[in-house]
Amino acid sequence: MAERLIVIGGDAAGMATAAQARRRRDRQDLEIVAFERGHFTSYSACGIPYWISGLVPEAEQLIARDPATHREKYDIDVRLRHEVVAIDLDRREVTAVDLESGGEVREPFDILMYATGAVPTKPDWARTEAAGVFGVQTLDDGSALREWLDRDPQPRRAVVVGGGYIGVEMAEALVRRGLSVTLVERGEQPMSTVDPDMAGLVADAMRGLGVDIRTGVQVTGLSERDGRVAAVETDAGPIPTDLVVLGLGVRPNTALAEAAGLPLGPTGGLRVDRRMRVLGVPGVWAAGDCVETLHRVSGMPVHVPLGTHANKQGRVAGINIGGGYATFAGVIGTAVTKVCDLEVGRTGLREQDAQAAGFEFVSVIAESTSRAGYYPGARPMTVKLIAERPSGRLLGAQIVGLSEAAKRIDTLAVALWNRMTVDDMTALDLGYAPPYAPVWDPVLVAARKAVEALAR
Ligand SMILES: Cc1cc2nc3c(=O)[nH]c(=O)nc-3n(C[C@H](O)[C@H](O)[C@H](O)COP(=O)(O)OP(=O)(O)OC[C@H]3O[C@@H](n4cnc5c(N)ncnc54)[C@H](O)[C@@H]3O)c2cc1C
């Protein structure tokens, strides 16, 4: 008789798992049922800011595989608008509610894949009945915001609360739609995923785009008029607005798992082994934004909710469920984003992370250009490196620049992944021609500067 795989969550991690498992086991061997409470499967949440801005015109363009494709190509029984509300590990069944009819179904499983993603942080002040307050976690959230933007009277002002990369991308998206945008951040700088000196460059670029950045400001509440949000109340006074976007970060969506008795780690994410098996619970797997993983530099468990990890982890889980062998090797915190024309990349540890992990280190900032200085289109680029003292091992890197900056972080990520020292890096055989780099690539310039700092 065929085994039964139940997948909870129909996006990156869940459907990557299902598709990989199917590639290795046919229907006679493995029946696959996937529950997704939303209206879409396998969509790119990462593309939401570009859909909101209008750069990507249609939501459909963000969908990699719809339920029909999953059914036809992979023989996966996708149940959209079904929310799993309970997991019974003893009976080995899940209970799901059909969100359209209100009906309840129970489905048995032999293998369970938990891939529920993350939940956006929503403080008490954001729990309002007033219309015009949006998260941007799912395509359904994006649809609600798009409708609000197109509605009559069209909103003219927006407040984005939270200056993480999603808040920053959303601020840009709303400016591009012609709104007057204020970004409220309780820290000293937006973009705290990079060190403050690098984040300052991001803040400058946003101000250049016309975003009113208010840092060191705490939101205390929302006020409304006629059932619509009218202002964001802060400890520095009210900010009138026609809409609010929440970008306050996310935490692993593990309430269901916790209720079922699955193990959570210190970050609140599910604890999994390298093959994505939930620790100590046979037949139960997890991947994506709901799990914690190992940081390869600090050695600490971390929650890094990124699509790149969700896809890889789902693939690993699916290969293993399919009878193969694969492992997820951990993360080093590589991420890229853009703010207007400014590209931002980071990998490894920031200074504060290196301190918290107990490293002795030096950090250097090197100014360079994206191309040979004389070549048309050469733009400034700032590279920051953090290297262990005295070993010289690269611990972290950040890049901010106007063009061809973001993907240079990949060179640094590879160096970091392979535990290279900055001294080793100065000898790297990187490509050079005037349209692509100065004769000393910005990465090499920074590595040389780090070597000098270590020698002092
Ligand atoms: C605006 C935005 C921009 C982003 N940009 C980037 C980027 O540039 N690069 C990057 O690497 N990452 C980016 N990310 C992060 C990336 O989208 C996530 O890391 C990725 O989607 C995680 O995949 P997942 O499958 O773990 O979770 P999700 O994509 O969140 O999918 C989980 C799914 O489970 C469903 N679900 C939850 N609970 C239940 C339940 N009980 N029953 C049924 N269904 C349930 C949810 O509806 C959801 O569809 C971005 C995210 C957002 C929101």
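Higher on the page you've got the structure.
Residues numbered from 1 in each chain as written. Predicted model: local features only at pLDDT ≥ 70, side-chain atom pairs only at ≥ 80, totals over all residues. Heavy atoms only, no water.

A. Layout of helix α6 (residues 196-209). Its 14 residues give α6 an end-to-end C-alpha distance of 20 Å, which sits within 8% of 20 Å, the value for a rise of 1.5 Å per residue. Met 198, Ala 199, Gly 200, Val 202, Ala 203 and Met 206 are the residues of α6 that are buried. (Helix = DSSP H or I, 4+ residues; strand = E, 2+ residues; numbered from the N terminus. Expected span 1.5 Å × (residues − 1). Buried < 20%, exposed > 50% of the residue type's maximum accessible area, 1.4 Å probe, protein only.)

B. Focus on the environment of His 39. Note that His 39 resides in the loop between β2 (30-36) and α2 (48-53). Remark: the alpha-carbon pair of His 39 and His 82, spanning 43 residues in sequence, is separated by 9.4 Å. Residue contacts for His 39: discarding those within four places in its chain leaves Leu 80, Arg 81, Glu 100 and Asp 140. Among the polar contacts made by the side chain of His 39, one reaches the side chain of Asp 140 at a distance of 2.9 Å. (Contact = heavy atoms within 4.5 Å. Polar contact = N/O pair within 3.5 Å; in protein donor to acceptor, adjacent residues only side chain to side chain.)

C. Region of the structure containing the packing of aromatic side chains. Here the structure, examined in full by the defined rule, presents one aromatic pair. Taking 5.9 Å as the distance between ring centres and 55 degrees as the angle between the ring planes, the aromatic pair formed by Phe 134 and Trp 148 counts as tilted. Linking Phe 134 in strand β9 (residues 133-134) with Trp 148 in helix α4 (residues 139-150), this pair joins segments that are 14 residues apart in sequence. The buried category is assigned to Trp 148, whose relative accessible area is 3%. For Arg 296, the ring lying beneath its charged end belongs to Trp 417, and the centroid distance is 3.7 Å. The cationic tip of Arg 448 hangs over the ring face of Trp 440; the distance from NZ or CZ to the ring centre is 4.1 Å. (Phe/Tyr/Trp six-rings, centres within 6.5 Å; stacked < 30°, edge-to-face > 60°. Lys NZ or Arg CZ within 6 Å of the ring centre and 35° of its normal.)

D. Structural context of the site of the ligand. Around the ligand, a shell composed of 31 residues is seen, among which Asp 11, Glu 36, Tyr 43, Asp 289 and Leu 306 lie nearest. Within the backbone of Val 84, an N or O atom sits 2.9 Å from a nitrogen atom of the ligand. Taking Gly 307, its main chain carries an N or O atom lying 2.9 Å from a nitrogen atom of the ligand. When the ligand sits alone it has 990 Å² of accessible area, and the protein chains cover 92% of it. Those elements that place two or more of their residues in the shell around the ligand are α1 (12-24), β2, β4 (82-88), α5 (165-176) and α8 (307-321). The class makeup of the residues in the shell around the ligand is 17 nonpolar, nine polar and five charged. (Near = heavy atom within 4 Å. Areas by Shrake-Rupley, 256 points an atom, 1.4 Å probe, with all protein chains shown as cover. Nonpolar A, V, L, I, M, F, W, Y, C, P; charged D, E, K, R; others polar.)

E. The arrangement of the sheet that holds strand β15 (residues 239-240) in detail. One open sheet accounts for three strands, arranged β13-β14-β15; its pairing is antiparallel. Single-partner strands in this sheet number two, and they are β13 (219-225) and β15. Here strand β14 (residues 228-234) pairs with β15 via two bridges, running antiparallel. If you follow Ala 231 over to β15, its bridge partner there is Pro 240. (Pairing = 2+ DSSP bridges.)

F. Here's a closer look at the pairing of β4. Sheet analysis places β4 next to strand β5 (residues 93-98), joined by six bridges and oriented antiparallel. The residue of β5 that forms the bridge with His 82 is Asp 98. The turn linking β4 back onto β5 is made up of four residues, and Arg 92 within it adopts a positive phi angle of 55 degrees.

G. Representation of a positive patch on the surface within the structure. On the surface, Arg 23, Arg 24, Lys 73 and Arg 315 cluster together into a positively charged patch. With respect to the element layout, Arg 24 can be found in helix α1. A relative accessible area of 40% means that Arg 24 is categorised as partly exposed. (Patch = residues over 30% accessible without salt bridge, like charges linked within 9 Å, V, L, I, M, F, W, Y side chains within 5 Å. Salt bridge = Lys/Arg side-chain N within 4 Å of Asp/Glu carboxyl O. Lys, Arg positive; Asp, Glu negative; His and termini not counted. Charge placed at Lys NZ, Arg CZ, Asp CG, Glu CD.)

H. Region of interest: helix α10 (residues 409-417). Those residues of α10 that sit buried are Ile 409, Leu 412, Ala 413, Ala 415 and Leu 416. The arc enclosing the buried residues of α10, seen along the axis, measures out at 160 degrees, which places them on a common side. At its buried positions, α10 is contacted by β21 (335-339), β22 (342-348), β24 (380-388), β25 (394-401), α11 (422-426) and α12 (442-455). Arg 419 occupies a position one or two residues after α10 and carries a positive phi of about 55 degrees. (Arc of directions from axis to C-beta.)

I. Fine view of a nonpolar patch on the surface. On the surface, a cluster of nonpolar side chains totalling about 560 Å² of accessible area is made up of Tyr 374, Tyr 375, Tyr 432, Val 439 and Trp 440. Mapped onto the elements of the fold, Val 439 is located in the loop between α11 and α12.

J. Spatial organisation of the packing of α1 against α8. Two elements in contact, α1 and α8, have axes separated by 7 Å at closest approach and are oriented at 30 degrees. The orientation of α1 relative to α8 falls into the category roughly parallel. The chirality of how α1 crosses α8 is right-handed. Between α1, through Ala 12, Ala 13, Ala 16, Thr 17, Gln 20, Ala 21 and Arg 24, and α8, the contact on the second element is made entirely by Ala 310, Asn 311, Gly 314, Arg 315, Ala 317, Gly 318, Ile 319 and Ile 321. The residue makeup of the contact of α1 with α8, split by class, is eight nonpolar, five polar and two charged. (Axes fitted to C-alpha atoms, helices over the stretch in contact; angles between N-to-C directions. Parallel < 35°, antiparallel > 145°, perpendicular 65-115°, else oblique. Left-handed = near helix turned anticlockwise from the far one by under 90°.)

K. Just the side chain of Lys 384, in detail. One can find Lys 384 in strand β24. There is a polar contact of 3.1 Å between the side chain of Lys 384 and the side chain of Asp 195. Once residues lying within four places of it in the same chain are set aside, the contact partners of Lys 384 are Asp 195, Asp 197, Met 198, Glu 351, Ser 363, Val 364, Ile 365, Gly 396, Ala 397 and Gln 398.

L. Broad picture of unusual backbone geometry. With omega at -5 degrees, the peptide bond leading from Asp 152 into Pro 153 counts as cis. Structurally, Pro 153 is set in the loop between α4 and β10 (157-161). Cis geometry marks the peptide bond from Arg 389 to Pro 390, where omega comes out at 10 degrees. Along the polypeptide, Pro 390 turns up in the loop between β24 and β25. We note that Ser 42 has phi near 40 degrees; this positive angle belongs to a residue other than glycine. Take Ser 42: it is sitting in the loop between β2 and α2. Look at Arg 92: it is not a glycine, yet its phi comes out positive at around 55 degrees. Overall, Arg 92 belongs to the partly exposed group, its relative accessible area being 25%.

Without other data, these values stay purely geometric and don't point to any function.
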